[in-house]
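Breakdown of the fold
Here is what each chain is made of, one letter per residue.
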Amino acid sequence: MKKAVFNVINFHCIDSCNFHCKHCFVSKNNKIVDLNKAKSCIDKISDYFKLNKIKNGRINLAGGEPFLYPHLRELIEHINSKGILISIITNGSLVNKQVLDDIFDKIDMIGISIDGLSKDVNSQLGRCTEKNIPDYNWYLDKCSLIKNYGIKLKVNICVSEMNKGVDFTAFLDKVNPERLKILQMVVQDDVNMDASKYIISSDDFEKFVQKYERFKPIVESSDDIENSYLILDSNCCISTNNNHKSTISLLDCSLNDAIKQIKLNDKKFYSRYL
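A few points on the structure. What you are looking at is a predicted structure, and each value in this text was computed from that prediction instead of being measured.

Look at any regular strand and the pattern is simple: side chains alternate between the two faces of the sheet. The element strand 2 (residues 58–62) is extensively covered by neighbouring structure, given that five of its five residues are classed as buried. As judged from the five bridges shared by strand 1 (residues 8–12) and strand 2, these two strands associate in the parallel manner. Within strand 2, the position partnered with isoleucine 9 by the bridge is isoleucine 59. Pairing geometry for strand 2 and strand 3 (residues 85–90), over four bridges, is parallel. Counterpart to arginine 58 in the pairing with strand 3 is leucine 85.

In C-alpha cells form, the structure reads like this:
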C-alpha cells in the first residue's frame, strides 16, 4: 500500500485577528509564533517535502489574521528560500499596495474570506472592525489589487444562517477568482459554541452550493472539514484542527513522525488539493 504524503500545510502563525467573526472556530489566545521557532518548523517541512519528493509543496499562512504577524516578511522570505509555494488566507483588511509591493513576487496565491457583500450582513457576521465594515466595492478593490499584481486570487465563503441569502454570482463573475471554496459553518467546543444557532442545515448548504456549480468550487461540508487539514498551529504543534489541543510539537520531531501520530484523513485531504 502506497504511503500517503501531504503537500499542503496550513501554518497558523498568529491567532490574533482584527475582525470578530461570529462563525470563526479558530481559538483566539493572542499567541504569536517566535520567528526562530517558525523558521525551524519551516526547515522541517522542507525536509519532509524533499524526503517524499514533493515538488509542489505549499504552505498556507493563516491565523487569526496573518498580516498582523509582526515577522511576516521574514517568514515569507524564509519559506521562499526553500522553494516552497506560499499562499495567504486573509480577511483582506490589511491588503494594500504598500504591503503587496513588498511581497508580491514571493506569493503564489492570496485567499480572501468573503462572507457578505453589504455592510449590514458583514456587521451581523462580525466580519469587520468598529471603523471598517466591508461592502461590495471594498472587496472588489481588494480582489482587483491582488490580481493586478499577478497573484492568484482565491475566494472563501463560509455559509451560515446569517449569509445563506447573499447572492455572490455577479461578484464572482466580476473578480473571476482562480479558486473558489465554499465551506459549511462549524462550531468548536470552547471557541464559538455561542454561534451554534447560526449553523446552516445540510439541505440549505447544498442549495447554496448548487447556485455556484459553474464556478467549480471546492466544497467542504462540516464533515469534510473534520480531520482533513494538516495544521501547524501557533504553538508549533501539528494537528488536524486549530483548537490548540495537540501536544505533538514539530520542534521535537520530524514532520514525518508527527503525521504518524495524528488522525489525518488522506482521502478528504486529497479531495481538496488534488
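Anyway, onward from the coordinates.
This next bit is on unusual backbone geometry. For the bond from glycine 63 to glycine 64, the omega torsion is 15°, close enough to zero to count as cis. Mapped onto the secondary structure, glycine 64 falls in the loop between strand 2 and helix 2 (72–81). The phi torsion at lysine 53 lies on the positive side, around 55°, for a residue other than glycine. Within the secondary structure layout, lysine 53 lies in the loop between helix 1 (35–51) and strand 2. When its relative accessible area of 71% is taken as the criterion, lysine 53 is described as exposed. Of note, the phi angle at lysine 216 is positive, near 50°, even though the residue is not glycine. Turning to its location among the elements, lysine 216 is positioned in the loop between helix 7 (202–210) and strand 7 (218–220).

The rules we used
- Residues numbered from 1 in each chain as written.
- Predicted model: local features only at pLDDT ≥ 70, side-chain atom pairs only at ≥ 80, totals over all residues.
- Heavy atoms only, no water.
- Buried < 20%, exposed > 50% of the residue type's maximum accessible area, 1.4 Å probe, protein only.
- Helix = DSSP H or I, 4+ residues; strand = E, 2+ residues; numbered from the N terminus.
- Pairing = 2+ DSSP bridges.

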